[in-house]
Amino acid sequence: QNMLEELLIHKPDDPIQYMINHLKQNNDDAPRICVLGPPASGKTTVAMWLCKHLDAIRISQETLLFKEILALTREAKMYKERKQKIPNALWANLIQERLSNVDCIKQGWILEGFPENQEQAWMLQSSGIIPRHVVVLYAPDTVLIERNSGKRLDPFTEEVYHTTFDWPSDPLIQQRLVKPEDLSEQEMSKKLLEYHRNFPGVFQIYQKVLKSINADQPSMDVLSQVLTYVQTRHRSAAPFTPRILFCGPPGSGKSLQAALIAQKYSVVNICCGQLLKEAVADKTKLGELIKPYIDNGYPVPDNLVMKILGERLNALDCMTNGWVLYGFPRDIEQGEQLQKSHIIPN
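We now turn to the structure provided with this report. (Residues numbered from 1 in each chain as written. Predicted model: local features only at pLDDT ≥ 70, side-chain atom pairs only at ≥ 80, totals over all residues. Heavy atoms only, no water.)

1. Structural notes on the pairing of strand 1 (residues 32-36)
Applicable threshold: The buried label goes to any residue with under 20% of its type's maximum accessible area, the exposed label to any with over 50%, and the partly exposed label to all in between, with areas taken from a 1.4 Å probe on protein chains only. Only DSSP runs of H or I with at least four residues qualify as helices, and only runs of E with at least two residues qualify as strands; both kinds are numbered from the N terminus onward. Only strands that DSSP links by at least two bridges are regarded as paired with each other.
Across the five residues of strand 1, five count as buried, placing the element largely inside the fold. Every second residue of strand 1 is oriented toward a common face, with R32, C34 and L36 on one face and I33 and V35 on the other, all of them buried. In this structure, strand 1 lies alongside strand 3 (residues 109-112), joined through four bridges in parallel fashion. Residue pairing in the sheet places V35 in a bridge with E112 of strand 3. In this structure, strand 1 lies alongside strand 4 (residues 133-138), joined through four bridges in parallel fashion. For V35, the partnering residue across the bridge sits in strand 4 and is V135.

2. Section: the environment of L177
Quick reminder of the rule: The contact criterion used throughout is that any non-hydrogen atoms of two residues lie within 4.5 Å.
Structurally, L177 is set in the loop between helix 10 (171-176) and helix 11 (185-206). For the pair L177 and V160, spaced 17 residues apart in sequence, the C-alpha to C-alpha distance is 9.0 Å. The residues touching L177, leaving out its near neighbours within four places in the chain, are R152, L153, D154, Y161, W167 and P168.

3. Brief notes about helix 13 (residues 254-265)
Note the threshold: Here the expected length of a helix is defined as 1.5 Å per residue gap, with one fewer gap than residues. Throughout, the arc means that of the directions going from the helix axis to the C-beta atoms.
With 12 residues, helix 13 should reach 16 Å at 1.5 Å per residue; the first-to-last C-alpha distance of 16 Å fits that figure. Residues of helix 13 that are buried include every one of K254, A258 and A262, and no others. In an axial view of helix 13, the angular spread of the buried residues amounts to 60°, which keeps them on one side of the axis. Opposite the packed face of helix 13, turned more than 90 degrees from it, sit the exposed residues L256, Q263 and K264. In this structure, the buried residues of helix 13 make contact with strand 8 (243-246), strand 9 (268-271) and strand 10 (323-326). Phi for S266, located one or two positions after helix 13, is positive at around 55°.

4. Some thoughts on the environment of I129
Looking at the secondary structure, you find I129 in the loop between helix 8 (118-126) and strand 4. We classify I129 as buried; its relative accessible area is 7%. In sequence terms I129 and G287 are 158 residues apart; their C-alpha atoms lie 60 Å from each other. Beyond its immediate chain neighbours, meaning those up to four positions away, I129 contacts I95, Q96, L99, W109 and L124.

5. Remarks on the sheet that holds strand 9
The test is simple: Fitting a line to C-alpha atoms yields each axis, with helices limited to the stretch in contact; the angle taken between N-to-C directions then spans 0 to 180 degrees.
Taken in spatial order, the three strands line up as 8-10-9 in an open sheet, and their pairing is parallel. The sheet terminates laterally at strand 8 and strand 9, the two strands that pair on one side only. With strand direction ignored, the average angle separating the axes of adjacent strands in the sheet is 15°. Where strand 8 and strand 10 come together, four bridges link them in parallel fashion.

6. What to know about the packing of aromatic side chains
What characterises a pair of aromatic rings is the spacing of the ring centres plus the angle enclosed by the ring planes. Convention followed: Each Phe, Tyr or Trp ring (for Trp, its six-membered ring) is paired with any other whose centre lies within 6.5 Å, and the angle between the two planes then decides the class: stacked below 30 degrees, edge-to-face above 60, tilted in between. The rule for a charge over a ring is simple: NZ of Lys or CZ of Arg within 6 Å of the ring centre, and within 35 degrees of the ring normal.
A full pass over the atoms with the stated rule returns three aromatic pairs. The ring of Y79 carries R82 above its face, with NZ or CZ at 5.3 Å from the centroid.

7. Looking at the state of the cysteines
Simply put, disulfide is the name for a covalent bond between the sulfur atoms of two cysteines. Stated formally: Cysteine sulfur atoms are paired as a disulfide whenever they fall within 2.5 Å.
Summed over all chains, the structure comprises zero disulfides. Of the cysteine sulfurs around C51, a residue in no disulfide, the closest is that of C104, at 9.7 Å. For C51, a relative accessible area of 12% gives the class buried. C272 provides the cysteine sulfur closest to C247, a residue in no disulfide bond, and the two sulfurs are 12 Å apart.

8. A few points about unusual backbone geometry
Between F114 and P115 the backbone carries a cis peptide bond, its omega angle lying at -5°. Between F328 and P329 the backbone carries a cis peptide bond, its omega angle lying at 0°. With respect to the helices and strands, the residue P329 is situated in the loop between strand 10 and helix 18 (332-340). The phi torsion at S266 lies on the positive side, around 55°, for a residue other than glycine. Examined against the element boundaries, S266 turns out to sit in the loop between helix 13 and strand 9. Take S266: its relative accessible area is 52%, and that puts it in the exposed class.

Geometric descriptors of this kind do not, in isolation, establish any biological role.
Right under this line is the structure:
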């Protein structure tokens, strides 16, 4: 799926060679994450923590302007020096240039605070930058304004601390902490207003891969929720027929779970014991063969069970909608017979 996306975006002259190169890179599992949210919601903390955890490359406005030596860095810095807004196209080109470096291709990337608006998101998409996971942090504005006033920055590590909520225990770090620029309440309110105005457009583009996480809770809770989300794989859009097998001891709730699953996903619910009783009641040829066993309370031979089960699972409704089966197999031999009959749960 990822390779097809890349082909459609880049339209290479030699698609076969392009696909070979893509497969050689073997980077389809590398993280591609955007961490978004209003000012002071904890984006830097989350992004830095994810980088350490996933061994990915963190990219933010600060790293692009002051850490990287890219062709467009100088141009962007000039806007910054003149206190002018850096154009969306320039940000998009800077990001594209940085993400095409081999470290980002191999290790994956975490974009912090990008895209800021819908135009940036469109530009990133059209240049083939499509995140797999978008994390959006949120908290009430009052909380964010209060947090912002106590925000402190470590110029060495770029880590963010707080005078009330997250003060470092190391006296050396305490000494070198600095107060970031633009910390006035007025400036903060202005930024929040801009964020709330721009965010719905970004949400619209990424809603299928986006998860909102409450940032107004202990930081470890936020981080664990973020990590859980970015480690999930999104379900493929390819057609999928579920073939589900429920195993478990008597009384563990197989029949109830199977019924709930069948109802929720419109799959065929099959109980092996019930299937045998129906075959007897319908007086089918196989039913006649298994009737003496059921009447005398003996187990029905596996080869007969497999014939009845095979017929039912290969019926049109099971083939098109999928199935959920319980009551079989009960032992390893039955399991092996199921495999040999090419009835393989997925």
